[in-house]
Each structure stands twice: as structure tokens, then as C-alpha cells.
Amino acid sequence: ELLRMPMIDVQQTVNRALTEYTMPLSPLHHTHFYTLKSGLSLEQATLLREYRPRLLGFGVSDGTERVYSSGSNASQVVGFLGSDGVGMAGLERGCGAFLTGKDGYAIAEVDDHRREIPDSVVEMHPAKNGLDVRTTIDADAQHIATVEAQNIVKTFHPEGVSIVIVEPDTGNIRALVSMPNYDANPDPAHPGRRLPIKSAALADRCVGGVYEPG
């Protein structure tokens, strides 16, 4: 009930875990845990952690989730990450090599359960943060242009709309809007998953089309 999933799905996972655990493998090859459900809400995770009497054998593992504060306002500009954490579109893809940092690691001796032996570290490599990418997009101008583009779509029903706002003195781009667009944030009704993105919405008509805006 807490997970809001059919009991038969829970039972199938438990049965698979029991079957695999009884297989004649080394303890090092056994899976430490089995995922029943991903993308739980904070409310669900809190209820599971605080449930009384305690659910023995069940736990919650914290994770991270990418959130796009601009929503659909600058979807083609920002892009989004795939389920594997790799950029799939926009700046997330084009600047992925700059944005992605490097994990740190240590070289040390371990016991037969792969636990680090104290004072055995012989080499330490610290993690490196990724770089920042800044644009000249103005959030207010981008939002206003997006609303106007949506009004055009509702009134005239075109196949696509592109709006570009440029600062004359500097050439800086203050707004870059392409319709149709999408929202890469997780679906509120299904945490951990986003709504399907149509191929037409992935195209940035402002920079990738054969017709100049205007």
C-alpha cells in the first residue's frame, strides 16, 4: 500500500531474490538488494523509513534527480539527460564534456568481503567538479516570448513557431523560443519518469531550421 504497487509484483521480486540467493555462487556475486520501485516521492520514502513496526529487510536508498527550473520555457536550449545521465539534447548534450566532472577513487587493500582494510590506502584521487556553462538568455524575456508563441499556436495552429530576441548593441541572445516544445521534468503522476517527448519538439527551429526567423 505504501508503494502503491500490486502485491503480485512485490511477491515476484521477492521470489526472484530468494531463487538467485540460493544459487551456488560466491557471496561476492550475490546482489546486496533488489529494487521494488524507483522514483518514490519524499512522502512515500519518509513513511517507509518511519513505519512502525519496522519493515525488516526493506529499506530506502537515496538518489538524485535532475530538475529543470525553467520547465518548458527553454527546453530546446537547455536539453535534458537520459536515464543513464548522459545529455540527450541542447546544452546538456553539446556541453556534456564540460559539465560532467570526474569521480574520485582510492586504491587500497580489501578483505574477502571487499571491505577496505584500515590504513591500507596507497593512492588517492580526489573528485573533480564539472565546469559551469552560462548563457545570455534572460529568463523574463524567454518566458514572455514563450507565452506569445503559445498564443500563436492556439490562434493559427502552425506546424512550428520560432522567436528570437537579440540585444542590438551586443548581439547577445535574450530569448530563443521554438514550438512545439516540451517539459523535461519528471511527470508529477509518475515520479522518476518524464512524459514522452515527441520528435517534433526536439527540433530547435531558431538555429536548426532552413528558414530564417521573422
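Let me sum up the structure you'll find in this document. Fair warning: this is a prediction, and the values are worked out from it, not measured in the lab.

Rules and cut-offs
- Starting from 1, residues in each chain are numbered consecutively following that chain's sequence as written.
- Side-chain atom pairs in this predicted model are given and counted only at pLDDT of 80 or more, local residue features only at pLDDT of at least 70, and totals for whole chains, interfaces and linings cover all residues.
- Hydrogens and waters are ignored; side-chain quantities use all the structure's heavy atoms.
- For helices the rule is a DSSP run of H or I covering at least 4 residues; for strands it is a run of E covering at least 2, with both sets numbered from the N terminus onward.
- For the radius of gyration, the atoms used are the C-alpha atoms, and the globule rule reads 2.2 Å times the number of residues raised to 0.38.
- When a residue's accessible area, from a 1.4 Å probe over protein chains only, is under 20% of the maximum for its type it is buried; when over 50% it is exposed; and in between it is partly exposed.
- The criterion used for residue contact is that any of the two residues' heavy atoms lie within 4.5 Å.
- Here the accessible surface of atoms and residues is derived via Shrake-Rupley with a 1.4 Å probe, and residues count as covered only by protein chains that are part of the display.
- Asp and Glu count as negative and Lys and Arg as positive, but His and the ends of the chain are not part of the count.
- Think of each charge as sitting on NZ of Lys, CZ of Arg, CG of Asp or CD of Glu.
- To obtain the arc, one takes the directions from the helix axis to the C-beta atoms.

### Comments concerning the overall build of the protein
Across its full length, the protein carries eight helices and six strands. Ordered by position from the N terminus, the helices and strands of the protein form the series α-α-α-α-α-β-β-α-β-β-β-β-α-α. Against the compact-globule benchmark of 17 Å for 214 residues, the protein has a radius of gyration of 24 Å, which places it well outside the compact range. For the protein, the spread of C-alpha atoms along the three principal axes comes to 70 × 50 × 30 Å. Among the 214 residues that make up the protein, the fraction classed as buried is 21%. Partitioning the contacts of the protein with sequence separation of at least 6, the portion at a separation of at least 24 is 52%. As displayed, the protein has an accessible area near 16,400 Å², and 55% of this comes from carbon and sulfur atoms. Separation of charge centres in the protein, based on 19 positive and 27 negative side chains, amounts to 4 Å.

### Focus: helix 2 (residues 42-50)
Every buried residue belonging to helix 2 is among Gln 44, Ala 45 and Leu 48, and all of these are buried. Viewed along the axis of helix 2, the buried residues span an arc of 100 degrees, placing them on a single side of the element. Seen from the buried face of helix 2, the exposed residues on the opposite side, beyond 90 degrees, are Leu 42, Glu 43 and Glu 50.

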